[in-house]
Amino acid sequence: MTAIHVEGLTKEFDGFVAVDAISFDIEEGEIFGLLGPNGAGKTTTISMLATLLEPTAGTALVNGVDIRGDQDGVRKSIGIVFQDPSLDEELTAWENMDFHGRLYRIPRDVREERISTLLRLVELDDRKDSLVKTFSGGMRRRLEIARGLMHEPKVLFLDEPTLGLDPQTRNHLWHYIKSLNADKGVTIILTTHYMDEADRLCDRIAIIDRGTIIAMDTPEHLKGLIGGDVITIASPDAASIPAVLTAEWITRIDLHDGRVTVHLREAESHIAELVGLLGSHAIEISSVSIHKPTLEDVFLYYTGRTMREEEADAAARMRMMHRPGRR
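One structure accompanies this document, and this report is about it.

Calculation rules
Residues numbered from 1 in each chain as written. Predicted model: local features only at pLDDT ≥ 70, side-chain atom pairs only at ≥ 80, totals over all residues. Heavy atoms only, no water. Helix = DSSP H or I, 4+ residues; strand = E, 2+ residues; numbered from the N terminus. Buried < 20%, exposed > 50% of the residue type's maximum accessible area, 1.4 Å probe, protein only. Contact = heavy atoms within 4.5 Å. Lys, Arg positive; Asp, Glu negative; His and termini not counted. Charge placed at Lys NZ, Arg CZ, Asp CG, Glu CD. Patch = residues over 30% accessible without salt bridge, like charges linked within 9 Å, V, L, I, M, F, W, Y side chains within 5 Å. Areas by Shrake-Rupley, 256 points an atom, 1.4 Å probe, with all protein chains shown as cover. Salt bridge = Lys/Arg side-chain N within 4 Å of Asp/Glu carboxyl O. Axes fitted to C-alpha atoms, helices over the stretch in contact; angles between N-to-C directions. Parallel < 35°, antiparallel > 145°, perpendicular 65-115°, else oblique. Left-handed = near helix turned anticlockwise from the far one by under 90°. Nonpolar A, V, L, I, M, F, W, Y, C, P; charged D, E, K, R; others polar. Core = buried A, V, L, I, M, F, W, Y, C linked by side-chain atoms within 4.5 Å.

1. Quick look at the overall build of the chain
At step 1: Each helix and strand counted, the chain has twelve helices and 14 strands in total.
At step 2: Across its three principal axes, the chain shows a C-alpha extent of roughly 80 × 45 × 45 Å.
At step 3: Scored against the burial criterion, the 327 residues of the chain give a buried share of 47%.
At step 4: Restricting to contacts in the chain with at least 6 residues of sequence separation, those with at least 24 account for 69%.
At step 5: Both charge centroids of the chain, one from 37 positive and one from 53 negative side chains, sit 6 Å from each other.

2. Some thoughts on a negative patch on the surface
At step 1: Taken together, Glu-7, Asp-25, Glu-27 and Glu-28 make up a surface patch of like negative charges.
At step 2: Relative to the assigned elements, Glu-28 resides in the loop between strand E2 (16-27) and strand E3 (31-35).

3. Some thoughts on the packing of helix H3 (residues 93-103) against helix H4 (residues 108-121)
At step 1: Across the interface, H3 lies against H4 with an axial gap of 10 Å and an inter-helix angle of 135 degrees. As judged from the angle between their axes, H3 and H4 are oblique. Read as a crossing pair, H3 and H4 show a hand that is right-handed. Between H3, through Trp-94, Met-97, Asp-98, Gly-101 and Arg-102, and H4, the contact on the second element is made entirely by Arg-111, Glu-112, Ile-115, Ser-116, Leu-118 and Leu-119.
At step 2: Residue classes in the contact of H3 with H4 are distributed as five nonpolar, two polar and four charged.

4. Side note on the nonpolar core
At step 1: Membership of the largest hydrophobic core comes to 44 residues, with the highest contact counts inside it found for Leu-143 and Ile-145.
At step 2: The element contributing the most residues to this core is helix H6 (residues 167-184), with five residues.
At step 3: With sequence-adjacent residues up to four places away left out, Leu-143 is seen in contact with Leu-87, Ala-93, Met-97, Leu-119, Leu-124, Val-132 and Phe-135.
At step 4: If you look at the next biggest cluster of nonpolar residues, it comprises 24 residues, including Leu-9, Ile-26, Ile-46 and Ala-50.

5. Considerations on the pattern of salt bridges
At step 1: Under the definition given, this model contains 16 salt bridges.
At step 2: Close ionic contact of Glu-30 with Arg-204 constitutes a salt bridge, the shortest N to O distance being 2.5 Å. Here Glu-30, found in the loop between E2 and E3, pairs with Arg-204, found in strand E9 (residues 204-209); they are 174 residues apart in sequence, far enough to count as distant.
At step 3: Judged by relative accessible area, Glu-30 falls into the buried class, the value being 9%.
At step 4: Asp-254 serves as the salt-bridge partner of Arg-252, at 3.0 Å between the closest nitrogen and oxygen.
At step 5: Members of the salt-bridge network, linked through shared partners, are Asp-98, Arg-102 and Arg-111.

6. Focus on unusual backbone geometry
At step 1: Even without being a glycine, Arg-105 presents a positive backbone phi close to 55 degrees.
At step 2: If you trace the backbone, Arg-105 turns up in the loop between H3 and H4.
At step 3: With a relative accessible area of 77%, Arg-105 lands in the exposed category.

The structure is reproduced here in structure tokens:
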């Protein structure tokens, strides 16, 4: 069954289109990722689906409930972990959970049983009486996820769940997300700009850029669309390289950020020829790397820009929008 149905969802802020008529479906029990650079529209999309923002246009159903027509009905069936911390640091882990349960009017005996179960799930039961201000960043994120499950939601929204965490803690948190999806059958929608996170966690992903979904499928299928291998060449003469590489075994060339990305098959058998060809044209090579297609390559394939370049461009646009004297 379909857990979320989105059709033509749009959000504008003072003439700026943050989310531009996006449409997609998410099946029950799926881990679905919105992957894109900062400023792409991921959090805005999540906020509309969670009824925190009113759409400018379009519609969406969450667990069969219209996000415009029955906001309370949507909120009762979802959990959400915000990008910014939202725990009360002066309360204990148990007290944070208990307060959340009271807001949802969960009976005391049921509430206490769920708190114990969920704290064990995220391995915080031994710290249930500790103040949250003594917790590490990873512990806080785990507690926020546990709190979001208190009222047994059918859908859980995770907005950049591992932002700012170290690699080891991120891996640890991935384990919990996978576990709760498998053990409880919760449909999970997460936003991220980490390629490895989307690749390892999600059953399907929608790559979003400038408010538009540019590609959507399983991570493997998206990477398979590119096919073959990828050679990345760094060179002070990068702009001259595309005109030189015209061999028939090359399927595509992209120039970006002082680097050239070459798509081809059987890269190992052609690398010597490629380097020799550049050398015959006196083109200096700083470095050469070979790898299988990644989601970063998929983003570059569809946009002509890397994720890092797009984030820098988005930051520049935001600075222009908020420049003193601008009206």
